[in-house]
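These are the residues of each chain, in order.
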Amino acid sequence: MLTEIIKIFKEKSDYVSGEEMSKKLGITRAAIWKKVKELRRKGYVIKGSSAKGYRLIKTPEFSAEELRMIISPESFNKGEFIGRELVFLESVDSTNTFAMELAEKGSPHGTIVIADKQTKGKGRLGRTWVSPPKSNIYMSAIMRPEIGPKDATLLTVMAAVACAEGIKNSSGLDVRIKWPNDLVVYDKKLGGILTEMKSDPDRILFAVVGIGINVNAGLRNFPPDIRDTATSVKKELGKAQSRTAVVAEILKSMNRWHDILAKEGKRPLIEEWKRRLTTLGRKVRVFVGSESLTGIAEDVDGEGLLILRLPSGAARKISSGDVTMLR
Ligand code: BTN
């Protein structure tokens, strides 16, 4: 109902009388007044005039309603799309933890959980993900893919490519990927992906793909120890961005790559990911567990494993690790 009211406002871009609204929506004027109050609470600036009715002055920078209007079945022409169910929270411990619980209770493939703030954001390798309010994107997608656990990395690859593409399409910023799935701009970290899952030996029961992107955070939002290595879209472009627009473009791109994966297999996706990797051809140090390896990041194979050329001349395939660029 809220999105219908917003649509009416946007179609007219002038005052809409309470009577016209109530006729169009089939609800009383008192009910409309309640909805207007709800929209105002969500950050919509709506002028009210006893003679002329209501007029929408400003939409909020981040809102579930705006997202639902952009990410709709009409955009994808199918029932099963990523973003079909959208849970929008003001604050949560971690969108991944919340989404894992929802998935356990049966939430469908494509459900998205978004929060404005996380109190216990999780990063890769047991790290904390700094998650200040009103600035960044914290989002998790519930996926029920028909792939085996050994292909689960494809979900993370798909999210990384979709994020790079979505950020570019919404803001113009060029984002590269540091193997395996860090989003970087000139080697500074802009975002990351954490995939968690529940699986049987031969089947993923469900996976939660968690995406964190620094969009409008200023560096003082970050603890001193990561200020030199982190960045945000706003810092790179010198201008705040609409998180709604960024999320909408990422979801569009995820849906597109999800279809490509289903129809054409993993090759086009891996190729696109490879094209965006900033790691290849560079000297790197990789921590694999407690082992530290230095070498040239030569290539990635068809499964997404990193091929590291060691000083001895031997090649080593690495499935997951923490990479530092040395030059
Ligand atoms: C990384 O360490 O690079 C991965 C960071 C992933 C952060 C996101 S924010 C949304 C989702 N919820 C979490 O707790 N973590 C992921």
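Everything quoted here is computed from the prediction, not taken from an experiment. (Residues numbered from 1 in each chain as written. Predicted model: local features only at pLDDT ≥ 70, side-chain atom pairs only at ≥ 80, totals over all residues. Heavy atoms only, no water.)

A.B. asks: So what exactly am I meant to see when it comes to unusual backbone geometry here?
C.D. replies: The linkage connecting Trp-179 with the following residue, Pro-180, adopts the cis geometry, with an omega of 0°. You will see that Asp-187, though not glycine, has its phi angle at about 70°, which is positive. For Asp-187, a relative accessible area of 37% gives the class partly exposed. (Buried < 20%, exposed > 50% of the residue type's maximum accessible area, 1.4 Å probe, protein only.)

A.B. asks: Got a minute to help me understand the environment of Leu-155 in this structure?
C.D. replies: Tracing the backbone shows Leu-155 in helix H7 (residues 153-171). Spatially, the C-alpha atom of Leu-155 lies 15 Å from that of Glu-165, the residues being 10 residues apart in sequence. Excluding anything up to four places from it in sequence, Leu-155 contacts Met-143, Pro-145, Ile-147, Ala-207 and Val-209. (Helix = DSSP H or I, 4+ residues; strand = E, 2+ residues; numbered from the N terminus. Contact = heavy atoms within 4.5 Å.)

A.B. asks: Just to check I follow, could you spell out the site of the ligand for this structure?
C.D. replies: Every one of the 20 residues lining the ligand counts as a neighbour, but Ser-94, Gln-118, Lys-122, Arg-124 and Lys-189 are closest to it. One nitrogen or oxygen atom from the main chain of Lys-122 is found 2.7 Å from an oxygen atom belonging to the ligand. Look at the ligand: alone it shows 420 Å² of surface, and the protein chains cover 98% of it. According to the grid-proximity analysis, the pocket containing the ligand is the largest pocket. When residues of the shell around the ligand are traced back to their parent elements, those giving at least two are helix H6 (95-104), strand E5 (137-143), strand E8 (188-200) and strand E9 (203-213). It is E8 that provides the largest number of residues to the shell around the ligand, a total of 4 residues. (Near = heavy atom within 4 Å. Polar contact = N/O pair within 3.5 Å; in protein donor to acceptor, adjacent residues only side chain to side chain. Areas by Shrake-Rupley, 256 points an atom, 1.4 Å probe, with all protein chains shown as cover. 1 Å grid on protein atoms, 1.4 Å probe; cavity = no way out; pocket = protein on both sides within 12 Å on 5 of 7 lines; lining within 4 Å. Sits in = over half its atoms within 2 Å of the grid points.)

A.B. asks: I would appreciate a short explanation of the sheet that holds strand E13 (residues 315-318) in the present structure.
C.D. replies: Strand pairing in a sheet is mediated by backbone hydrogen bonds. Such pairs are either parallel or antiparallel. The sheet built from 5 strands is open, its strands ordered E13-E12-E11-E10-E14 with antiparallel pairing. If you trace the sheet from one side to the other, it starts and ends with E13 and strand E14 (322-325), each paired once. The average undirected angle you get between the axes of adjacent strands in this sheet is 45°. Of the pairings in the sheet, the one linking strand E12 (residues 306-309) to E13 comprises 4 bridges and is antiparallel in character. Looking across to E13, one finds that Ile-307 is bridged to Lys-317. (Pairing = 2+ DSSP bridges. Axes fitted to C-alpha atoms, helices over the stretch in contact; angles between N-to-C directions.)

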